[in-house]
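Remarks on the overall topology
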Amino acid sequence: GGLYGGGQNEPPAGHQAAARKEAAKIGPLDATGNPSDSGRVVLLSIGMSNTKQEFSQFKRLADADPEKSTALVIVDGAQGGQDAVRTQDESAAFWRNIDDRLKSAGVTPAQVQVIWLKQAIAGPRQGFPGEARRLQDLLVKIVNIAKKRYPNLRIAYLSSRIYAGYATTQLN
């Protein structure tokens, strides 16, 4: 396996340099996306029910950490029943729900700079590698939607779904 090409677990030097360059640009932004000492940095989750379950726990722990920056706002945008097929549609209610969650958190799309994306395909039928390639294509669409909706997006962390081989539904 490996997380990167050629079975490597360390990112290629160019990839690492690009990530560092983008991370260095992250800082508090006002509601319109301009740098501001009193602004916010938004970390947003995007995904389905597994993402929601994991991220809601992470958010609870992170928000309680006294060392967490007061500029950091963590928003759980993940939603049950919203797989990659549904979220790759820019007009899906999924994205309007995220807008509502950002607003409820007192932040704007222009302040989103980091996302955690964890998605899967509900009821896969093509087997491997067909479904893996299909998911890859859907993830590209979702990241492109995120970049369009969140113009100051700098870093996107992508995770694979947890193992579901013991699940008893056809969803997995």
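Residues numbered from 1 in each chain as written. Predicted model: local features only at pLDDT ≥ 70, side-chain atom pairs only at ≥ 80, totals over all residues. Heavy atoms only, no water.

Some details on the environment of leucine 43
Under the convention used in this document: By the criteria applied, helices consist of DSSP H or I runs no shorter than four residues and strands consist of E runs no shorter than two, each listed in order from the N terminus. Throughout, a contact is declared for two residues whenever any of their heavy atoms are within 4.5 Å.
You can see leucine 43 is positioned in strand S1 (residues 41–47). It is 13 Å that separates the C-alpha atoms of leucine 43 and arginine 60, two residues lying 17 residues apart in sequence. The residues touching leucine 43, leaving out its near neighbours within four places in the chain, are Phe55, Phe58, Leu72, Val73, Ile74, Val75, Val114, Ile115 and Trp116.

Some thoughts on helix H2 (residues 49–64)
We apply this condition: In this scheme, a helix's expected span is set at 1.5 Å multiplied by one less than its residue total. Think of it in three bands: residues with accessible area under 20% of the maximum for their type are buried, residues over 50% are exposed, and the middle band is partly exposed, with areas taken using a 1.4 Å probe on protein chains only. This arc corresponds to the set of directions leading from the helix axis out to the C-beta atoms.
Here H2 contains 16 residues, and its C-alpha end-to-end distance of 23 Å stays within 8% of the 22 Å for a straight helix at 1.5 Å per residue. If you check which residues of H2 are buried, you get Asn50, Thr51, Phe55 and Ala62. The buried residues of H2 all sit within an arc of 95 degrees when viewed along its axis, so they share a single face. Among the exposed residues of H2, those oriented more than 90 degrees off its buried face are Gln53, Arg60 and Ala64. The inward-facing, buried residues of H2 contact S1, strand S2 (72–76) and strand S3 (112–118).

Describing the pattern of salt bridges
Definition in use: Salt bridges are identified by distance alone: a Lys or Arg side-chain nitrogen within 4 Å of an Asp or Glu carboxyl oxygen.
Evaluated as defined, the whole model comprises 9 salt bridges. Among the ionic pairs, glutamate 54 bridges to lysine 118, the shortest N-O distance being 2.7 Å. In this pair, glutamate 54 is assigned in helix H2 and lysine 118 in strand S3, connecting sequence segments 64 residues apart. Arginine 134 is paired through a salt bridge with glutamate 131; the nearest N and O atoms lie 3.1 Å apart. With a gap of 3 residues between them, arginine 134 and glutamate 131 both fall in helix H5 (residues 130–149), about one helical turn apart.

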